[in-house]
Amino acid sequence: MGWGDDLLYIHKCEQQRQGKTVRPTRKTRPRQLSALWKNISWIDTQGELDIDELEHTNNKWARAYHLNNYTPTPPQTQILKQSDYNLAQHIQSKHKEYTLICPDVKETHHDVNKTWYHWQDLCNILSQRGHNIVRLTHREHSKRYKNATDYVTANIRQSLAVVDRANLVITTDGFWHHASAYTKTDCVTIYGSCTSDKDLGYSEQANITTRDEHSPCYTIHKKCNKCVENMWNIRAKQVIDEIVNRGWG
Ligand SMILES: [Zn+2]
């Protein structure tokens, strides 16, 4: 599934592996190794202990956060090597300090409901307030944001290192907010009503969640007009207020 899931999987293994090497499985079948696990010596296709990335309860496989009473916990394991910081160092040589924005959600139906619409407004205000705004891309995007500088990332570990060195991360729910929790980087996470910080959030982050009658909606595979409307109604000013109130810039 996603990089966020792969990050949380490391924590699950930390809890269960009892010193053994781990062979990752998905519904009991061996799964491909994530690029996030590349530097972790105890996760391997030849591992001694199978640990499934999903939970098996009531004869169903599910993500842990779809079960009750789940709180995401970032892993403790060192994931990055010095060479993973090449891009982060390059960005720091250009800007010294920077705010990372993550406007690019995966292009699945689910993520339509997690898309936020006011990134350009946000960039304009952040820029006025003196932020150096950075955005990571995998390839040349047609859409660009005025007042933000794009950098092409080579892989997910380079991206994680850029999060680590950022002063502030602003994102919707996904890999980036889990990554910020891992690197202890200040983060504003915009949930709207599709998902919720109650299941997926971190108390130290600024969580912007719309609590209406159908939140958390978790509508997947199709557009939910109410979630889209709720996302539209979260304006850039609300994000800025969170940043200012917390003294984050
Ligand atoms: Zn909805």
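The rules behind these values
Residues numbered from 1 in each chain as written. Predicted model: local features only at pLDDT ≥ 70, side-chain atom pairs only at ≥ 80, totals over all residues. Heavy atoms only, no water. Donors = N, O, S within 2.8 Å, 3.2 Å for Na, K, Ca; no water. Tetrahedral: all angles 85-135°; square planar, octahedral: opposite > 155°, others 65-115°. Core = buried A, V, L, I, M, F, W, Y, C linked by side-chain atoms within 4.5 Å. Buried < 20%, exposed > 50% of the residue type's maximum accessible area, 1.4 Å probe, protein only. Helix = DSSP H or I, 4+ residues; strand = E, 2+ residues; numbered from the N terminus. Domains from an automatic or database assignment. Contact = heavy atoms within 4.5 Å. Salt bridge = Lys/Arg side-chain N within 4 Å of Asp/Glu carboxyl O. Buried area = accessible area lost by both parts, 1.4 Å probe. Polar contact = N/O pair within 3.5 Å; in protein donor to acceptor, adjacent residues only side chain to side chain. Nonpolar A, V, L, I, M, F, W, Y, C, P; charged D, E, K, R; others polar.

Asks: What is the right way to read the coordination of the zinc ion from this model?
Replies: The expected angle between donors at a tetrahedral four-coordinate metal is 109.5 degrees. At an octahedral six-coordinate metal it is 90 or 180 degrees. Distances from the zinc ion to its protein donors, His-214 (NE2), Cys-217 (SG), Cys-224 (SG) and Cys-227 (SG), fall within 2.3 to 2.4 Å. What the four donor atoms of the zinc ion show is an angle range of 100 to 120° at the metal, which sorts the shape as tetrahedral. When the donor residues of the zinc ion are listed from N- to C-terminus, their spacing reads H-x2-C-x6-C-x2-C.

Asks: Teacher, can you tell me more about the nonpolar core here?
Replies: One broad trend across soluble globular proteins is that nonpolar side chains are buried collectively. Of all hydrophobic cores here, the largest spans 35 residues; its most connected members are Ile-79 and Leu-100. Among the secondary structure elements, those contributing two or more residues to this core are α1 (3–16), α2 (86–95), β6 (99–102), β7 (133–137), α5 (156–165) and α6 (175–183). Here the element with the most residues in this core is α5; it accounts for five residues. When residues of this core are assigned to domains, at least three map to each of domain 1 (3–66) and domain 2 (88–245). Residues within four places of Ile-79 in sequence aside, it is in contact with Leu-7, Ile-10, Leu-36, Asn-39, Ile-40, Asp-84, Arg-157, Leu-160 and Tyr-182. Among the nonpolar cores identified, the runner-up in size contains 22 residues, and Leu-122, Val-188, Ile-190 and Ala-236 belong to it.

Asks: Would you take a moment to explain the pattern of salt bridges for this structure?
Replies: Scanning the entire structure with this criterion turns up 17 salt bridges. Glu-53 is the salt-bridge partner of Arg-31, the closest N and O atoms lying 3.0 Å from each other. Taken together, the residues span a long stretch of sequence, with Arg-31 in the loop between β2 (29–30) and β3 (49–52) and Glu-53 in the loop between β3 and β4 (55–57) at a distance of 22 residues. Per residue, the accessibility class of Arg-31 equals that of Glu-53, and both read buried. For Arg-144, the salt bridge goes to Asp-150, with nearest N and O atoms at 3.2 Å. In this structure, a network of salt bridges that share partners links the residues Asp-5, Asp-6, Arg-26, Arg-31, Glu-53 and Arg-63.

Asks: Just to check I follow, could you spell out the domain arrangement of the chain for this structure?
Replies: The figure often quoted for interface size is the accessible area lost as the parts come together. Here the chain is described as being made up of domain 1 (3–66) and domain 2 (88–245). Across the contact, nine residues belong to domain 1 and ten residues belong to domain 2. Buried area between domain 1 and domain 2, both sides added, is near 920 Å², and the carbon and sulfur share of it is 78%. Across the contact surface, domain 1 and domain 2 share zero salt bridges. Counting across the domain 1 and domain 2 interface gives one residue pair in polar contact (both at pLDDT 80 or more). A breakdown of the residues in the side of domain 1 that touches domain 2 according to their chemical character gives six nonpolar, two polar and one charged.

Asks: How do you make sense of the side chain of Thr-189 when you look at a structure like this?
Replies: Its location among the elements puts Thr-189 in strand β10 (residues 186–192). Of the polar contacts made by the side chain of Thr-189, one reaches the side chain of Gln-205; its length is 2.9 Å. When neighbours within four sequence positions are excluded, Thr-189 is seen to be in contact with Thr-171, Thr-172, Asp-173, His-177, Gln-205, Ala-206, Asn-207 and Ile-208.

Asks: Teacher, can you tell me more about unusual backbone geometry here?
Replies: Negative phi is the rule for most residues except glycine; trans is the rule for most peptide bonds. For the bond from Ser-215 to Pro-216, the omega torsion is -5°, close enough to zero to count as cis. Looking at where Pro-216 falls in the secondary structure, it is placed in the loop between β11 (206–209) and α8 (225–233). Despite not being glycine, Thr-28 shows a phi value in the positive range, around 75°. Mapped onto the elements, Thr-28 comes out in the loop between β1 (22–26) and β2. Even without glycine at this site, Lys-96 takes up a positive phi of about 65°.

Asks: Teacher, can you tell me more about the side chain of His-95 here?
Replies: With respect to the helices and strands, His-95 occurs in helix α2. In this structure His-95 comes out as buried when scored by relative accessible area, which is 18%. At 2.7 Å, the side chain of His-95 forms a polar contact with the side chain of Tyr-151.

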